[in-house]
Each structure stands twice: as structure tokens, then as C-alpha cells.
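Commentary on secondary and tertiary structure
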Amino acid sequence: MDFYYIVIVFTALLGLYMAWNIGANDVANSMADAVGSGALSIRNAVIAAGLCEFAGAVLVGAHVTNTVRKGIVDPSVLASLPGVSPDEVAVMLIIGMSGALLSAAFWLNMSTLVGMPVSTTHSIVGAVAGFGIVAAGWHAVNWVKMGQIVSSWFISPIAGGVLSYLLFVYISKAILGKEKPVKAAVIHLPIIVFLLTMVVLLATIYKGLKHVIGDMPWLAGQNSIWISFAIAVVMAFIAWMFAKKKLAARQNESLGDQLEAVESSFVPLVIVSSCSVAFAHGANDVANSVGPLAAIIHVLETGSIEMKVPVPIWILGLGGAGIVLGLATYGYKVMKTVGYKITEITPSRGVAADIAATATVLVCTRLSLPVSTTHTLVGAILGIGLARGLGGVNSRVVVSIFGSWLFTVPAAGVMSIVFYLLGMRFFFEPLLSLVSR
């Protein structure tokens, strides 16, 4: 086989391995509330998330991606290195991005083995930073951007936790704590459905459909808000009709039976919210696996380095398939950690956590603040646990999760440096001949 095709196959396998680990770790978070609350079995959650993730990745995934994710390293810094030819810069980028993919995927793999939910974005950011430091020096890394990412370790879980805490306190006092919870649900369930529909639709548009929004200008700007508002009002009315017909008739039953009826009404809501998170995740985070792969393919085919490169549909498909495969084969580990081990989750608590996490990510995205979906969702689940008191949270698991977050960027960075040096040692000359031909 020609060396060119060997390189293509090898880098494609790296992208597939990264996507597999994204599915096994990151995607599993999106369905943790549905699984932990008992709304879906792990098997059904895997199927639902797989369909939503693949649809998001292939249908509305970014068809143009940054050469280096999140702007941590500017490829022009490599091009300006003294005494380094353009072909040599291209080879450095190929080796660096390959090493970044491998190290980020390896860190995700190790984290998944012990069931720890970590940020895919932070893994690839740390890996790219490690490659940039060893290739061009400390000045090659955008430390302002890195500082923003580090700050998201605190912003994401705190914001998600505070909002989910407030939402669940509202649900508890307005519905679950009432003498007749089914009667209270008739009044307050439509409000919760309205909030859920608004954040889900806006998150889907802003976080999922933003790459194809140019083809649908009627969805842009204020239009998207009004469309989401109108649909949310309709869904709230349907929820009110449902609650009035199905729940109000049960207000003479025992308190336990009424609470069970109320919780069952939250089941479809937590399923919808979890699936929407999975769809938006597939549309956005597939770029963490296919972005570096697309950059490598572009350099091999054109020999040029650009800030943004096109993503062929086969690469999006590869990323989507890898994500689904990882979720199906190993996603259950992280699902169990987030869904069962942090705190007890019921359908109503799951809805509060999903609304909080989705709204937090949506607002931060609009404010251009870098946040992690994983960190936000874990923080939201922690918030609903704290609403029950400190005893409602497994502090040992929480400490372990926070520890894995702190190690993500440096661990991925160190491994990336090692892989880059090995790649330069053994593959620089063959790749230089390939790029120069």
C-alpha cells in the first residue's frame, strides 16, 4: 500500500478512536439523568442517545472546522519559526495533531475505565497545548484562552449547580411538598414544560443548527426566540390539558400515589431533554474528533496550512459512527457514575438538572464563555443533590470527579508532548517526503 494511504488510514483510525472515547465518556453524560431517574434503561438510553448523536453529528455537524480546536495554538506561529520550511511546518502539524488526538483519546479511555466523566474539549485543548509548547515554545499557546478554559472548571459546575438547586427547590415547594401534589402539578407543570421547551429549542438552534443557520435565515436572530416562545406556549397548553385530565382526577388518592403520579408525568420530559442534549452534543463535539483529522487530511491533500478547513461528509460520518460505537460498548460506566453515584435522581430532579445544564450552556455560549457540557451537567446533578442537604450527595465520588477534571489538561498535554517527540523521531522524514512530492 502507498505510504500516503497508510497515513490516511492511520489518522482515520485515530479519529475513530477519539470518537469512540467521546461516545464512551462525554455522550454518556447526556443520558445520565434519564438513566438515573429510571425513565430509560441503559439499553434504551444507548439507543436513543446513539440516534440523536449520530443525527446531530452528520446532519448538522460543522462542515468547516478550525485547524486547531478552540484557538489554543495558531498554526501561523509554526509557519513563522526560523529556518523551518513550509513543508516541514506541514509535517509538524500532521504529527502534532495526530499526537493530540491520540493523547486526548487515551486520557478519555483511562477516565472511562474508572467511570470518571471528564471534558472531551478540555482533553483535546490540553493535548494541542502540549504539542504547541514543544513545537514552538510557550509563546505558541494562547494563554488568555487557556485561562478562560481553566475558569470554566469553576463557572460550569457552579452555574449549573445553582440553577438546578433553585429549580428543584421550586418544584419541591410548588408541587412535591404540597398536601395535594397532583392538584399543584396542574398549575405548575405547564410552567416547567414551557421552560424546558424554550431552553431545548434554543439550545438545538444555537448549539445544534448554528452551522446550517445560513441556509435558514428565518431561524436567525430574534426569529429563533419568537419561534421557540410560540412552540413553548403550545407545549405548555398541551401539558396543562394533560395534567387537568390525568392528574386532577387523582387528588383524592393517598399522598404516596399522588407523588408517584406526578413523578411519572416528568418521565417524558426528562427523556426529551436528555435526547436534546445528545443531539446538540453530536452537532458540536464531533468536531473534537474530526477537526484534527480534517486538518491532517487537508494538509496531506493540499500541502497548505489554513486556519479553517472543510470537513468531508465521510469524516463526519466516521466521527458520528465512532461516537455511537463508544456509547454502545462502554458508555454504561459513566452513565452509572453520573446517574447513580453522585445523588439519587428522580424524573423531577432529572428535569431540573437538564433544564439547568442546558440553559447554562446556552447562556454561556451566547456570551462566548468557554464551558464544558460535562462539567455543567455534573454540577447540575450536584445541585439537585444539595437541595436535599449535604447528606444527599456522595462526597467521595464528587471529590474523585473534581480531581479528574483538574488532571485532564496537564495529563493530556504531557502525553501529547511524548507522542509528538516520538512522532518527530520516527516519522518526520517519511512524512516530509510525502508532503514534498
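Residues numbered from 1 in each chain as written. Predicted model: local features only at pLDDT ≥ 70, side-chain atom pairs only at ≥ 80, totals over all residues. Heavy atoms only, no water.

Considerations on the overall build of the protein chain
To be explicit about the condition: In this description a helix means any DSSP run of H or I spanning at least four residues, a strand means any run of E spanning at least two, and both kinds are numbered starting from the N terminus. Each residue is placed in one exposure class: buried if its accessible area under a 1.4 Å probe, protein chains only, is under 20% of its type's maximum, exposed if it is over 50%, and partly exposed if it falls in between. Working rule for contacts: check all heavy atoms of both residues, and any pair within 4.5 Å makes them a contact. The method behind every accessible area is Shrake-Rupley, applied with a 1.4 Å probe, and residues are considered shielded solely by the protein chains displayed.
Looking only at helices and strands, one finds 16 helices and two strands in the protein chain. The buried share of the protein chain, reckoned over its 437 residues, is 57%. Taking as baseline every contact in the protein chain between residues at least 6 positions apart, the subset at least 24 positions apart corresponds to 84%. Total accessible area computed for the protein chain in this model is approximately 17,600 Å², and 70% of it derives from carbon and sulfur atoms.

Let's talk about the pattern of salt bridges
Keep this limit in mind: Salt bridges are defined as contacts in which a side-chain nitrogen from Lys or Arg sits within 4 Å of a carboxyl oxygen from Asp or Glu.
Overall, the coordinates contain one salt bridge when judged by the stated rule. E253 is paired through a salt bridge with R250; the nearest N and O atoms lie 3.0 Å apart.

Regarding the packing of helix 5 (residues 86–113) against helix 6 (residues 120–136)
Angle between the axes and distance between the axes: these two values describe a pair of packed helices. Selection rule: A fitted line through C-alpha atoms represents every axis, and for helices the fit uses only the stretch in contact; the resulting angles, taken between N-to-C directions, go from 0 to 180 degrees. For this classification, under 35 degrees means roughly parallel, over 145 means roughly antiparallel, 65 to 115 means roughly perpendicular, and everything else is oblique. Two helices crossing with the near one rotated counterclockwise from the far one by less than a right angle form a left-handed crossing, whereas a clockwise rotation gives a right-handed crossing. Gly is placed with the polar residues, together with every amino acid not listed as nonpolar (Ala, Val, Leu, Ile, Met, Phe, Trp, Tyr, Cys and Pro) or charged (Asp, Glu, Lys and Arg).
Where helix 5 contacts helix 6, the two axes come as close as 8 Å, and the packing angle between them is 140 degrees. Relative to helix 6, helix 5 is oriented oblique. Note on packing geometry: the crossing formed by helix 5 with helix 6 is right-handed. Together, M92, L93, G96, M97, A100, L101, S103, A104, W107 and L108 of helix 5 and T120, S123, I124, A127, V128, F131 and A135 of helix 6 make up the contact between the two elements. In terms of residue class, the contact of helix 5 with helix 6 is built from 13 nonpolar, four polar and no charged.

Remarks on the packing of aromatic side chains
Heads up, the rule is: Stacked, tilted and edge-to-face are the three classes applied to pairs of Phe, Tyr and Trp rings, where Trp contributes its six-membered ring and a pair requires centres within 6.5 Å; stacked means planes under 30 degrees apart, edge-to-face means over 60, and tilted covers the rest. Put simply, a charge is over a ring when the Lys NZ or the Arg CZ is close to the ring centre, within 6 Å, and near the line of the ring normal, within 35 degrees.
Overall, the coordinates contain eight aromatic pairs when judged by the stated rule. Aromatic side chains W138 and W143 sit 5.6 Å apart centroid to centroid with 25 degrees between the ring planes, which places their arrangement in the stacked category. The interplanar angle of 85 degrees and the centroid separation of 5.6 Å between the aromatic rings of F194 and F229 together place this pair among those described as edge-to-face. Here F229 lies in helix 9 (residues 222–247) and F194 lies in helix 8 (residues 181–208), a separation of 35 residues in the sequence. Residue classification places F229 among the partly exposed positions, given a relative accessible area of 36%. By the ring-pair criterion, three or more aromatic residues cluster together here, those being W20, Y330 and Y332. Here the basic side chain of R425 rests over the ring of F426, its NZ or CZ set 5.2 Å away from the ring centre.

Regarding helix 7 (residues 143–176)
For the record, the criterion: Expected span of a helix, by definition, is 1.5 Å for each gap between consecutive residues, and there is one gap fewer than residues. What the bend at a residue measures is the angle between two axes, fitted to the seven residues ending there and to the seven starting there. Side-chain atoms alone can form a polar contact between residues adjacent in sequence; in general such a contact is a pair of N or O atoms within 3.5 Å, and within protein one must be able to donate a hydrogen while the other accepts it.
For helix 7, spanning 34 residues, the distance from its first C-alpha to its last is 47 Å, which sits close to the expected 50 Å at 1.5 Å a residue. Residue S152 marks the point of greatest curvature in helix 7, where the axis turns by about 35 degrees. Sitting at the head of helix 7, N142 places a side-chain oxygen 3.3 Å from the backbone nitrogen of V144.

Digging into helix 6
Taking 1.5 Å per residue, 17 residues should reach 24 Å; helix 6 reaches 24 Å between its end C-alpha atoms and fits that length. In terms of burial, helix 6 is largely enclosed, as 16 of its 17 residues are buried. With a side-chain oxygen lying 3.1 Å from the backbone nitrogen of H122, the N-terminal cap of helix 6 falls on S119. Taken from the residues just after helix 6, G137 is the one with a positive phi, measuring 100 degrees.

Section: the side chain of T112
Looking at the element boundaries, T112 is found in helix 5. The exposure class assigned to T112 is buried, which follows from its relative accessible area of 1%. Dropping the residues within four chain positions of it, T112 is found in contact with A24, N25, Y330, K333 and V334.

Here's the deal with the environment of L167
By secondary structure assignment, the location of L167 is in helix 7. As for L167 and A387, which are separated by 220 residues in sequence, their C-alpha atoms are 9.5 Å apart. Once residues within four sequence positions are removed from consideration, L167 is found in contact with L195, A352, I355 and A356.

Things to note about the environment of F3
One can find F3 in helix 1 (residues 3–30). Put simply, F3 and P430 are 427 residues apart on the chain and 8.5 Å apart in space, counted from C-alpha to C-alpha. Contacts of F3, omitting those with residues within four sequence positions, involve P430, L431 and L434.

Some words on the environment of V186
Structurally, V186 can be placed in helix 8. By relative accessible area, which is 12% here, V186 ends up buried. For the pair V186 and A248, spaced 62 residues apart in sequence, the C-alpha separation works out to 6.8 Å. Filtering out sequence-adjacent residues up to four positions away, V186 remains in contact with W240, A243, K244 and A248.

A closer look at the side chain of S37
Structurally, S37 is set in the loop between helix 2 (32–36) and helix 3 (42–60). With a relative accessible area of 12%, S37 lands in the buried category. In terms of polar contacts, S37 uses its side chain to reach the backbone carbonyl oxygen of A34, at 3.2 Å. In this structure the side chain of S37 is engaged in a polar contact, spanning 3.4 Å, whose partner is the backbone nitrogen of A39. Not counting the four nearest positions on each side in its chain, S37 is found in contact with V270, I345, T346 and P347.

Observations regarding the state of the cysteines
This is how it is decided: When two cysteine sulfur atoms are found within 2.5 Å, that pair is recorded as a disulfide.
Inspection of the entire model under this criterion finds zero disulfides. No disulfide involves C52; its nearest neighbouring cysteine sulfur is the one of C275, lying 4.1 Å away. Of the residues examined, C275 reaches a relative accessible area of 17% and is grouped as buried.

Focus on the packing of helix 6 against helix 16 (residues 395–436)
Contact geometry for helix 6 and helix 16: axes closest at 7 Å, N-to-C directions at 45 degrees. Classified by the interaxial angle, the pair formed by helix 6 and helix 16 is oblique. Helix 16 is crossed by helix 6, and the crossing has right-handed handedness. Between helix 6 and helix 16, the contacting residues are H122, S123, G126, A127, G130, F131, V134 and A135 on the first element and T408, V409, A412, G413, S416, I417, Y420 and L421 on the second. When grouped by side-chain class, the residues that make up the contact of helix 6 with helix 16 number nine nonpolar, seven polar and no charged.

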